[in-house]
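# Structural features, examined
What follows is the residue order along each chain.
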Amino acid sequence: MDIAKYAEFECGIGAWLSPAFRSRLRFALMLPSEDVEKFNQLCQAAEKSRPLAFGDQFTREQLHPVRLRLTNEDEQLTTEDAAAILDQVFAPLS
Amino acid sequence: MKYQYNSPDPAAIPEISTKIREKFPDRVEGHVLDIEGVIEDLGITILPRPLGKLLVEGYAARDPHLIVVNKDIFIGSNRARFTLAEELAHKVLEFDLWNSGNLPAGAKSEEMDPDQLAALERDAKRLAAEILQPEAIYRERYSHHWSILESEGKTDFNWCVRTTVELVAGEFHVGFLTAAVRARELEIISYEEYHRCFPPVM
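Here is a short report on the structure shown in this document. (Residues numbered from 1 in each chain as written. Chains lettered and ligands numbered in written order. Predicted model: local features only at pLDDT ≥ 70, side-chain atom pairs only at ≥ 80, totals over all residues. Heavy atoms only, no water.)

### Quick notes on the overall build of chain A
- Looking only at helices and strands, chain A features five helices and one strand.
- Along chain A, helices (α) and strands (β) appear in the sequence α-α-α-α-β-α when read from the amino end.
- By the compact-globule yardstick of 12 Å for 94 residues, chain A is too spread out, its C-alpha radius of gyration being 17 Å.
- Dimensions along the principal axes, computed over C-alpha positions, put chain A at roughly 55 × 25 × 20 Å.
- Evaluated residue by residue, chain A yields a buried proportion of 33% over its 94 residues.
- In chain A, the share of contacts with a sequence separation of at least 24, taken over all contacts with a separation of at least 6, comes to 48%.
- Working note: accessible area of chain A is about 5,700 Å², and carbon and sulfur atoms make up 53% of it. (Helix = DSSP H or I, 4+ residues; strand = E, 2+ residues; numbered from the N terminus. Rg over C-alpha atoms; globule rule 2.2 N^0.38 Å. Buried < 20%, exposed > 50% of the residue type's maximum accessible area, 1.4 Å probe, protein only. Contact = heavy atoms within 4.5 Å. Areas by Shrake-Rupley, 256 points an atom, 1.4 Å probe, with all protein chains shown as cover.)

### Thoughts on the sheet that holds strand β1 (residues 65-70) of chain A
- Spatially, the four strands line up as an open sheet ordered β1(A)-β4(B)-β5(B)-β3(B), and their pairing is mixed. Since the sheet does not close on itself, it has two edges, and those belong to β1 of chain A together with β3 (45-49) of chain B, each with one partner. Going across the sheet, the axis of each strand differs from the next one's by a mean of 20 degrees, ignoring polarity.
- Across three bridges, the pairing between strand β4 (residues 56-61) of chain B and strand β5 (residues 66-70) of chain B is antiparallel. Within β5 of chain B, the position partnered with alanine 60 of chain B by the bridge is isoleucine 67 of chain B. (Pairing = 2+ DSSP bridges. Axes fitted to C-alpha atoms, helices over the stretch in contact; angles between N-to-C directions.)

### Re unusual backbone geometry
All names here are of chain B.
- Notably, histidine 173 is not glycine yet its phi reads approximately 55 degrees, a positive angle.
- With respect to the element layout, histidine 173 can be found in the loop between α7 (157-172) and α8 (176-185).
- For histidine 173, a relative accessible area of 40% gives the class partly exposed.
- With a phi close to 60 degrees, glutamate 187 is a non-glycine residue in the positive phi region.
- In this structure, glutamate 187 sits in the loop between α8 and α9 (191-197).

### Overview of the pairing of β5 of chain B
Residue and element names in this part refer to chain B.
- Judged by how many residues are buried, β5 sits mostly within the fold: five of five residues are covered.
- Here β5 shows a buried face lined by Leu66, Val68 and Asn70 and a second buried face lined by Ile67 and Val69.
- The pairing of β3 with β5 spans five bridges and is parallel. Considered in β5, the bridge of arginine 49 is made with asparagine 70.
- Taken together, β4 and the strand that follows it, β5, pair antiparallel across an intervening segment of four residues.

### Comments concerning helix α2 (residues 19-28) of chain A
Residues and elements named next belong to chain A.
- Along α2, the residues classified as buried are Phe21, Arg22 and Leu25. For α2, the buried positions fall inside an angular range of 100 degrees around the axis, keeping them on one side. With respect to the buried face of α2, the exposed residues turned more than 90 degrees away are Pro19 and Phe27.
- Along its buried surface, α2 packs onto α1 (3-10) and α3 (33-48).
- The positive-phi residue at the C-terminal boundary of α2 is methionine 30, with phi of around 50 degrees. (Arc of directions from axis to C-beta.)

### Description of the nonpolar core
- Judged by nonpolar contacts, the single largest core of 52 residues is most densely connected at Ile35, Ile39, Tyr138, Tyr142, Val161, Val165 and Phe198 of chain B.
- Aside from chain neighbours lying at most four places away, what touches valine 161 of chain B is Tyr142, Trp146, Ile189, Cys197 and Phe198 of chain B. (Core = buried A, V, L, I, M, F, W, Y, C linked by side-chain atoms within 4.5 Å.)

### Description of the packing of helix α6 (residues 135-151) of chain B against α7 of chain B
All names here are of chain B.
- Running from N to C, α6 and α7 point in directions that differ by 135 degrees, and their axes come no closer than 9 Å. Comparing the axis directions of α6 and α7 gives the class oblique. For the crossing formed where α6 meets α7, the hand is right-handed. On α7, the residues touching Ile137, Tyr138, Arg141, Tyr142, His145, Trp146 and Leu149 of α6 are Phe157, Trp159, Cys160, Val161, Thr163, Thr164, Val165, Leu167, Val168, Glu171 and Phe172.
- In terms of residue class, the contact of α6 with α7 is built from 13 nonpolar, three polar and two charged. (Parallel < 35°, antiparallel > 145°, perpendicular 65-115°, else oblique. Left-handed = near helix turned anticlockwise from the far one by under 90°. Nonpolar A, V, L, I, M, F, W, Y, C, P; charged D, E, K, R; others polar.)

### Focus: the interface of chain A and chain B
- Taken together, the contact between chain A and chain B spans 32 residues of the former and 40 residues of the latter.
- Note on chain A versus chain B: buried area summed over both sides is about 3,100 Å², and carbon and sulfur give 58% of it.
- On the surface where chain A and chain B come into contact, there are five salt bridges.
- Glutamate 8 of chain A is the salt-bridge partner of arginine 49 of chain B, the closest N and O atoms lying 2.7 Å from each other.
- Counting the contacts that link chain A with chain B gives 20 residue pairs in polar contact (both at pLDDT 80 or more).
- Secondary structure elements with two or more residues in the side of chain A that touches chain B: α1, β1 and α5 (79-90) of chain A.
- Sort the elements by how many residues they give to the side of chain A that touches chain B and α5 of chain A lands first, with seven residues.
- A class-by-class count of the residues in the side of chain A that touches chain B yields 19 nonpolar, seven polar and six charged.
- As paired elements, β1 of chain A and β4 of chain B share five bridges and run antiparallel to each other. Looking at β4 of chain B, one finds that proline 65 of chain A is bridged to alanine 61 of chain B. (Buried area = accessible area lost by both parts, 1.4 Å probe. Salt bridge = Lys/Arg side-chain N within 4 Å of Asp/Glu carboxyl O. Polar contact = N/O pair within 3.5 Å; in protein donor to acceptor, adjacent residues only side chain to side chain.)

Dropping the structure here:
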């Protein structure tokens, strides 16, 4: 399971609620059989509502990088780098 | 007034680490600290995002409750553990900054004086290393494994260093090189020995 999609789902973003994703989610959450029906009902309700996007949940200001771990530790972030990072963070998952 | 980072006394780093490990006893198993669990217990959400070719492993976001990580580092979870520990270290070392509500001028990475930035990154790495591999335990485990290899009659120094570091890394669930750097920082091995035993991979 794609960890970024899973994290989005945990944040209430339901774009990943395909039958296959739902099935993988059930196993990932190790749901007991008595909770499966409730889980399916909640998933169906979520599918019918307006799907949230990542940008509905977070703002660029909230997610502005303040302290970073860069692969090249000798580099210092520029304003343009920070904007590029945020563009990438807010890009829809494929 | 422009933001000024005040480096803690180096002696305080192990004390901070000890407090964190003691505050979350359920998150310590053997010598391994469940860093993701500690972050979760602190009410901080980890957001894995595909950061592509931006060469960013992770970052502490403006919102004190959010840490963003490059989802690709989760492929090697031991590497992710150090990144998470470092981002947590930033939030601990600059607690007032994250919790003031307003980010003062000059506090963002791209606005900071390079010397200030280098100092805070150095401190965050030290604290992250100490959180994941506390000095006293590291020294004890290193000596333990080293003495076993000696008792088995192993005499190839470089091989013994690499093997010992590998065993210690396994006990702390950190990457091989993270444990090797720790041995060098603690002066268990010299700078020359480090480079001889762990040459850069081309």
